[in-house]
Amino acid sequence: MAGMDDFVSDSDSDYTSYWRDWFISSRGNEYYCEIDEDYLTDRFNLTGLNTEVQYYQYALDLITDVFDLDCDDEMRETIEKSARHLYGLIHARYIVTTRGLAKMLEKYKKCDFGKCPRVMCHSHPLLPMGLSDVANQKAVKLYCARCEDIYNPKSTRHSAIDGAYFGTSFHNILFQVYPALVPPKTTERYVPRVYGFKVHAAAALVRWQNKERGEMRRRLRKMEVDSGFAKVDGEDDDEDEEEEDEEEEMMEDAMDHNPAAVVQYRGAGEVATLQ
Amino acid sequence: MSTSSGSPESWISSFCSLLGHEYFAEVSEDFIEDDFNLTGLQSQVTMYKEALEMILDVEPEDDEDDEDEEEEDEEDISGDGRDGLAGRHERRHHSRIASDLSVIESSAEMLYGLIHQRYICSRAGIQQMSEKYELSHFGVCPRTNCNQTRTLPVGLSDTPGEDTVKLFCPSCLDVYVPPNSRFQTVDGAFFGRTFGALFLLTFPDYDLTKSGGEQLANLTRTDESLNINGMWARNIAPGLGKGRVYEPKIYGFRVSELARSGPRMQWLRKKPEDITVLDEARHFAEEDGDSDDDDENMNMSGRPVTRRRRAGNARVKRQGQNGSPMATEANGAESEL
Ligand SMILES: [Zn+2]
Ligand SMILES: [Zn+2]
């Protein structure tokens, strides 16, 4: 280990990080960014991690390409596994640094973490996040800044990644550091309908939610904080969200006993009435 | 039509077994053969008659008298050892030029889709879809707080060519893009706008809190089973409300609403803690007040609820005010999709 410093010293640019290169380009590891050599070699950044990982020093050597232990395959595999875990734990810390945020931002812009599956979010890019900062608790989730909700990764190769490798704060810090990146919010939403009628139970909930939104916007206005809703909603949108859906609705009861009565096809766009 | 290797797969079942067609139900021939169900479709599909024949695996009728000859030919072909779909196509090919055939093939797919939109809203069709639903054929909601609730395939439009099929989650009442890109070529109109909600109304007893991995069961009705606005309280957006709304935090501290990057969308995933707040029927009855005469709002007699405005042109007036480009359709149907 003594030679490590000379090894990396000033030749950072043409130094090839074999292990990290291999690791972040492996299938399933697309969510990780590459942690800088500088960050890894500053022991201060790794405080406390030595007790979290088996064969900590060997694992760190592997990550920094100075591993030279002669060992059997089984041992090698154990250390390899530790190195992956260690990389994840360091990653969680690294991505909330200025450098790390910038790297993750680049990946966000390239949609490396996928797109929001919610139709009304129009493929807004996602960010990886954890529901816990403690390892081995919860798998990684994906955060959409547009609907502010979290989703499960589509692919099973991502759904097994530990959420603690990204942590609970990173995605929120990103938008705090780059407020200009907060996407405009919209009230656009799906409303379940049957032959053009809104479904009453859902519509009642929508009305209640709209009222909640209206109250929030009034609170923000009072504090002179931008609500972030797109202007297309209209200038004085608070007023029109009060009673925006006064229209025909269909009660579930209406169909409880004889759905077939309504099921007679009446043509698209037309409104069905019960016989 | 007899071939050496048993009965060939029908056009319908081979269509439904294509990659990306996993959401489709097999429309029964009875449904297709009832002309009433096809009302208005003739004008929407080119080579309608031929397309319909293809769907039903009916031999094309020839106007000429050489029908006998034709049949002999067919037997010769099947005798050659050709069977199944290839054989049938070969026979069709026999009486038509190839370009026609591909037009008919795509017309048949369009026609099948349009019939399908109607079929899955019929008693038999919705029943068939419920069997697929129970088997989780339509996947599960990608939203973490929905705990893998089974979804339903829906269209955002009833007109073909406008949008691809989406998945409706009854737990958060939202719609999602199917996870696999193979569904991004499936027309949403083949499922239509009505099916998703109609399904919930038709099968109100499914326990919507069950995840796609679990056996789907009916709600166990307890004394607290409340019926609100015609739905069991437990089934009204079970994925929303307290504990199901994401709270952004930084190092354990909640991000303030007043921050530029603070939460703005929580209303979308909220639900009143006391769900009876939504029971407008009761509130309306209790408050009574100056109800206008044509407000049939809470009619429980088995009719659609009409929440009419007092003045017939109220809506028009509102549109004039806010000038929203979205609010142009007669009943505002497109204003929120
Ligand atoms: Zn989203
Ligand atoms: Zn959901």
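It should be emphasised that the depicted structure is a prediction, and the values quoted were computed from it without experimental measurement. (Residues numbered from 1 in each chain as written. Chains lettered and ligands numbered in written order. Predicted model: local features only at pLDDT ≥ 70, side-chain atom pairs only at ≥ 80, totals over all residues. Heavy atoms only, no water.)

This paragraph deals with the side chain of Thr149 of chain B. Residues and elements named next belong to chain B. Checked against the element boundaries, Thr149 lands in the loop between helix 7 (123-134) and strand 1 (152-154). You can call Thr149 buried: its relative accessible area is 2%. When sequence neighbours within four positions are dropped, the list of residues in contact with Thr149 reads Gly139, Val140, Cys141, Cys169, Pro170, Ser171, Leu208 and Lys210. (Helix = DSSP H or I, 4+ residues; strand = E, 2+ residues; numbered from the N terminus. Buried < 20%, exposed > 50% of the residue type's maximum accessible area, 1.4 Å probe, protein only. Contact = heavy atoms within 4.5 Å.)

Turning our eyes to something else, we now look at the coordination of the zinc ion (ligand 2). All names here are of chain B. Note on the zinc ion (ligand 2): its protein donors are Cys141 (SG), Cys146 (SG), Cys169 (SG) and Cys172 (SG). The metal-donor distances range over 2.3 Å. Read in sequence order, the donor residues coordinating the zinc ion (ligand 2) give the pattern C-x4-C-x22-C-x2-C. Of this pair, Cys141 sits in the loop between helix 7 and strand 1 while Cys172 sits in the loop between strand 2 (166-169) and strand 3 (174-176), placing them 31 residues apart in sequence. (Donors = N, O, S within 2.8 Å, 3.2 Å for Na, K, Ca; no water.)

How large an interface is tends to be reported as the accessible area lost when its parts come together. All names here are of chain A. Splitting chain A by domain gives domain 1 (16-179) and domain 2 (183-229). Taking only C-alpha atoms into account, the centre of domain 1 sits 35 Å from that of domain 2. Taken together, the contact between domain 1 and domain 2 spans eight residues of the former and seven residues of the latter. Around 610 Å² of area is buried between domain 1 and domain 2 when both sides are counted, 53% of it from carbon and sulfur atoms. Applying the counting criterion to the domain 1 and domain 2 interface returns one salt bridge. Considered class by class, the residues forming the side of domain 1 that touches domain 2 number three nonpolar, two polar and three charged. (Domains from an automatic or database assignment. Buried area = accessible area lost by both parts, 1.4 Å probe. Salt bridge = Lys/Arg side-chain N within 4 Å of Asp/Glu carboxyl O. Nonpolar A, V, L, I, M, F, W, Y, C, P; charged D, E, K, R; others polar.)

What follows concerns unusual backbone geometry. Even without glycine at this site, Asn136 of chain A takes up a positive phi of about 65 degrees. Relative to the elements of secondary structure, Asn136 of chain A occurs in the loop between strand 1 (126-129) and strand 2 (141-144). When its relative accessible area of 65% is taken as the criterion, Asn136 of chain A is described as exposed. In the Ramachandran plot, Leu173 of chain B falls in the positive-phi region, its phi being about 55 degrees despite a non-glycine side chain.

So, on to the pairing of strand 1 of chain A. All names here are of chain A. Going residue by residue along strand 1, you find Leu126 and Pro128 tucked away on one face and Leu127 and Met129 tucked away on the opposite face as well. Summarising the sheet, strand 1 and strand 2 pair through four bridges and their orientation is antiparallel. Pairing of Met129 across the sheet is with Lys141, part of strand 2. (Pairing = 2+ DSSP bridges.)

Looking now at the packing of aromatic side chains. Here the structure, examined in full by the defined rule, presents 34 aromatic pairs over all chains. Between Trp19 of chain A and Phe23 of chain A, the ring centres sit 4.9 Å apart and the planes meet at 10 degrees, which makes this aromatic pair stacked. With a gap of four residues between them, Trp19 of chain A and Phe23 of chain A both fall in helix 2 (residues 18-25), about one helical turn apart. Of the two residues, Trp19 of chain A and Phe23 of chain A, both sit in the buried class. Residues Tyr23 of chain B and Phe191 of chain B carry aromatic rings whose centres are separated by 6.4 Å and whose planes lie at 75 degrees to one another, so their mutual orientation is edge-to-face. In this pair, Tyr23 of chain B is assigned in the loop between helix 1 (11-16) and helix 2 (29-33) and Phe191 of chain B in the loop between strand 3 and helix 8 (195-202), connecting sequence segments 168 residues apart. Among the aromatic residues, those joined into a cluster by ring pairs are Trp19, Trp22, Phe23, Tyr31, Tyr32, Tyr87, Phe113, Tyr165 and Phe166 of chain A. (Phe/Tyr/Trp six-rings, centres within 6.5 Å; stacked < 30°, edge-to-face > 60°.)

Turning our eyes to something else, we now look at the sheet that holds strand 1 of chain A. Residue and element names in this part refer to chain A. The strand order across the open sheet formed by three strands is 1-2-3, and the pairing between neighbours is antiparallel. Edge positions in the sheet fall to strand 1 and strand 3 (149-151), since each has one partner strand and no second. Here the strands of the sheet are splayed against their neighbours by 40 degrees on average, with no regard to which way each runs. (Axes fitted to C-alpha atoms, helices over the stretch in contact; angles between N-to-C directions.)

Turning to the sheet that holds strand 1 of chain B, a few remarks are in order. All names here are of chain B. An order of 1-2-3 is seen for the three strands of this open sheet, with the pairing classed as antiparallel. Edge positions in the open sheet fall to strand 1 and strand 3, since each of these has one partner strand only. If you compare each strand with its neighbour and ignore which way they point, the axes differ by 40 degrees on average. In this sheet, strand 2 lies alongside strand 1 in antiparallel orientation, the contact comprising three bridges. Each residue of the ladder has a partner; that of Leu152, found in strand 2, is Phe168. Sheet contacts for helix 8: strand 1 and strand 2; angle to strand 1, the most-contacted strand, approximately 140 degrees.

Further remarks concern the domain arrangement of chain B. Residue and element names in this part refer to chain B. Split by domain assignment, chain B resolves into domain 1 (9-60 + 98-120), domain 2 (136-202) and domain 3 (227-279). Here the C-alpha centroids of domain 2 and domain 3 sit 22 Å apart. Of the residues lining the interface, eleven residues belong to domain 2; the matching set on domain 3 comes to eleven residues. Here domain 2 and domain 3 share an interface that buries about 740 Å² over both sides, 39% of which is from carbon and sulfur atoms. Sorting the residues of domain 2 by area buried against domain 3 places Arg143, Asn145 and Ser171 first, and these three jointly supply 54% of that buried surface. One can count one salt bridge joining domain 2 with domain 3. Across the salt bridge formed by Asp174 and Arg269, the nearest N and O atoms sit 3.0 Å from each other. Linking domain 2 with domain 3 are six residue pairs in polar contact (both at pLDDT 80 or more). Within the side of domain 2 that touches domain 3, the residues separate by chemical class into six nonpolar, three polar and two charged. (Polar contact = N/O pair within 3.5 Å; in protein donor to acceptor, adjacent residues only side chain to side chain.)

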